[in-house]
Amino acid sequence: MTRRIAIVSGKGGVGKTTTVTNLASVIPLFGKSVIAVDANFTAPNLGLHLGAPINTIHFHHVLREQAEVFDAIHSHPIGFHYIPAGLSLDDIKQVDLDSYLTAIDDITHFYDVMLLDCAPGLGSDAMVGIASATEMLVVVNPEWTSITDAMKTIKFAEEIGVPSTGVILNRKRNETIEPLNDHIETFLDAPILAEIPEDRNVRKGVAYCKPVVHKRPNSRASLVYRKLAANLLGHNYMPRPTWKEKLKEIWHNMRDVY
Ligand code: ADP
Ligand code: MG
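Residues numbered from 1 in each chain as written. Chains lettered and ligands numbered in written order. Predicted model: local features only at pLDDT ≥ 70, side-chain atom pairs only at ≥ 80, totals over all residues. Heavy atoms only, no water.

> Would you mind going over the packing of helix 7 (residues 144–159) against helix 8 (residues 181–188) with me for this structure?
What describes two packed helices is the angle between their axes and the distance between those same axes. Here helix 7 crosses helix 8 at 25 degrees, and the two axes come no closer than 10 Å. In terms of axis orientation, helix 7 runs roughly parallel to helix 8. At the point where helix 7 passes helix 8, the crossing takes the right-handed sense. Contacts between helix 7 and helix 8 involve W144, I147, T148, A150, M151 and I154 from the former and H183, I184, F187 and L188 from the latter. (Axes fitted to C-alpha atoms, helices over the stretch in contact; angles between N-to-C directions. Helix = DSSP H or I, 4+ residues; strand = E, 2+ residues; numbered from the N terminus. Parallel < 35°, antiparallel > 145°, perpendicular 65-115°, else oblique. Left-handed = near helix turned anticlockwise from the far one by under 90°. Contact = heavy atoms within 4.5 Å.)

Here you go:
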């Protein structure tokens, strides 16, 4: 059965789309087919993260019945499919959420994993995104504002029967002011599956429209994304970078600093 995983958050800007693009890039390494769908209809940016052409068939065309969902599927050179959404104000004004559910159903069985890049918070598009999923990954930053907002999302999902597989703690800096992991897990009543470090390479990846796992596969964040994908798919992943790769990484980091 296809796993439809909603990537959600309470607050915006915490790293949902970054999580989606990087997971979509590494899941095929474990033999699974994957499609990433922009389900954030009011502030979509999956296409921007992936360098989708601006004048292309996108999800809003499908939602307005101007295109078939299969025509909005883009093939990324890394080896996964994705559906970007429209960027204009006119696009976001006319969203029929019933068409969203039909479109998602039509493509589901072609993939092992579907990653739904949801809207933050609990507006109607966020709720429909969660309701269309079989499970949910919650992205938070190490700040109580982001964590308390995430709790409402988790409670809503619980009420409608969508389980939270776990939490992705993104942009961790290991500063003393950050909440302790134990406290986060207790508060959200969900396990932290991955701690993605604050990593300049992630921002570089977004700037160059290339997920960091592709642009800098040996960066700290890339390693965690591969481990997370392996964990989600029930694989053991014990990366052993060669000396050459380690030296290359050190050289890149030094070049970033100076
Ligand atoms: P959301 O989809 O939740 O709105 P994004 O994935 O678009 O958030 O991320 C917002 C910004 O944060 C992006 O510009 C991205 O470069 C940056 N970012 C995300 N994760 C990290 C990280 N681990 N380290 C550094 N920057 C990050
Ligand atoms: Mg986003």
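> Any chance you could explain the pairing of strand 5 (residues 113–118) here in plain terms?
The side chains of a regular strand alternate, residue by residue, between the two faces of the sheet. Counting buried positions over the six residues of strand 5 gives six, a clear majority of the element. Burial along strand 5 is two-sided: V113, L115 and D117 and M114, L116 and C118, pointing in opposite directions, are all buried. Where strand 1 (residues 3–8) lies against strand 5, five bridges are found, and the strand directions are parallel. Bridge pairing in strand 5 places I5 opposite L115. Both strand 2 (residues 34–39) and strand 5 contribute to a ladder of six bridges, which runs parallel. If you follow V37 over to strand 5, its bridge partner there is L116. (Buried < 20%, exposed > 50% of the residue type's maximum accessible area, 1.4 Å probe, protein only. Pairing = 2+ DSSP bridges.)

> Explain the pairing of strand 8 (residues 192–197) here, please?
Summarising the sheet, strand 7 (residues 164–172) and strand 8 pair through five bridges and their orientation is parallel. Counted as the bridge partner of N170 is I196 from strand 8. Regarding the hand of the β-α-β motif, the stretch spanning strand 7, helix 8 and strand 8 is right-handed. (Right-handed = clockwise from strand over helix to strand, strands pointing away.)

> Is there a simple way to explain helix 9 (residues 200–207) in this structure?
Since the α-helix packs 3.6 residues into each turn, any two residues three or four apart lie on the same face. Within helix 9, burial applies to N201, V202 and G205. Down the axis of helix 9, the smallest arc covering the buried residues is 105 degrees, so these residues share one side. Exposed side chains of helix 9 directed beyond 90 degrees from the buried face belong to R203 and A207. The first or second residue beyond helix 9 is C209, which carries a positive phi of 55 degrees. (Arc of directions from axis to C-beta.)

> What's the story with the pattern of salt bridges in this structure? I'm lost.
Proximity of charged atoms lets side chains of opposite charge pair with each other. If you walk through the whole model with that rule in mind, you get six salt bridges. When the shortest N-O distance is used, the salt bridge between E198 and R173 registers 3.9 Å. Of this pair, E198 sits in the loop between strand 8 and helix 9 while R173 sits in the loop between strand 7 and helix 8, placing them 25 residues apart in sequence. Because the salt bridges share partners, they merge into one network encompassing R171, R173 and E198. (Salt bridge = Lys/Arg side-chain N within 4 Å of Asp/Glu carboxyl O.)

> Which parts of the structure should I look at to understand the sheet that holds strand 5?
Backbone hydrogen bonds are what pair the strands of a sheet, in a parallel or an antiparallel way. As summarised here, the arrangement of the eight strands in space is 3-4-2-5-1-6-7-8, forming an open sheet in which the pairing is mixed. Lying at the two open borders of the sheet, with one neighbouring strand each, are strand 3 (74–76) and strand 8. Adjacent strand axes in the sheet meet at a mean angle of 25 degrees, parallel and antiparallel pairs treated alike. With three bridges connecting them, strand 3 and strand 4 (residues 80–83) associate as antiparallel partners. Bridging from a neighbouring strand, H74 pairs with Y82 of strand 4. Those strands touched by helix 1 (residues 16–26) are strand 1, strand 2, strand 4, strand 5, strand 6 (135–140) and strand 7, and its axis lies near 165 degrees from that of strand 5.

> Help me understand the site of ligand 1 in this model?
Around ligand 1 there are 16 residues in total, and G13, K16, T17, T18 and N170 lie nearest to it. The separation between an oxygen atom of ligand 1 and a polar main-chain atom of V14 is 3.1 Å. Between ligand 1 and P197 there is a distance of 3.0 Å, counted from a nitrogen atom to a backbone nitrogen or oxygen. Look at ligand 1: alone it shows 570 Å² of surface, and the protein chains cover 85% of it. Taken together, the elements giving at least two residues each to the shell around ligand 1 come down to helix 1, strand 7, strand 8 and helix 9. (Near = heavy atom within 4 Å. Polar contact = N/O pair within 3.5 Å; in protein donor to acceptor, adjacent residues only side chain to side chain. Areas by Shrake-Rupley, 256 points an atom, 1.4 Å probe, with all protein chains shown as cover.)

> So what exactly am I meant to see when it comes to the packing of helix 5 (residues 97–108) against helix 6 (residues 124–131) here?
The N-to-C vectors of helix 5 and helix 6 enclose an angle of 25 degrees; their axes lie 11 Å apart at closest approach. When the axis of helix 5 is compared with that of helix 6, the two are roughly parallel. For helix 5 against helix 6, the interelement crossing comes out right-handed. Listed contacts from helix 6 to L97, Y100 and L101 of helix 5 are S124, D125, V128 and G129. Taken together, the residues that form the contact of helix 5 with helix 6 break down as four nonpolar, two polar and one charged. (Nonpolar A, V, L, I, M, F, W, Y, C, P; charged D, E, K, R; others polar.)

> What should I look at first to understand the packing of aromatic side chains in this one?
Describing an aromatic ring pair means giving the distance of the ring centres and the angle of the ring planes. Under the criterion given, the structure shown has seven aromatic pairs. Pairing F41 with Y100 gives two aromatic rings, centres 5.3 Å apart and planes at 70 degrees, and the pair type is edge-to-face. Placement of F41 in the loop between strand 2 and helix 2 (46–50) and of Y100 in helix 5 is noted, with a sequence separation of 59 residues between them. Taken as a pair, F41 and Y100 share a single burial class, namely buried. Ring geometry for W144 versus F187: centroids 5.4 Å apart, planes at 80 degrees, classification edge-to-face. Taken together, the residues W144 in helix 7 and F187 in helix 8 connect sequence positions 43 residues apart. Taking the relative accessible area as the measure of exposure, W144 reaches 37% and is therefore partly exposed. Grouping aromatic residues by their ring pairs yields a cluster made of F41, F59 and Y100. The lysine or arginine in question, K215, covers the ring of Y208, its NZ or CZ lying 4.4 Å from the ring centre. (Phe/Tyr/Trp six-rings, centres within 6.5 Å; stacked < 30°, edge-to-face > 60°. Lys NZ or Arg CZ within 6 Å of the ring centre and 35° of its normal.)

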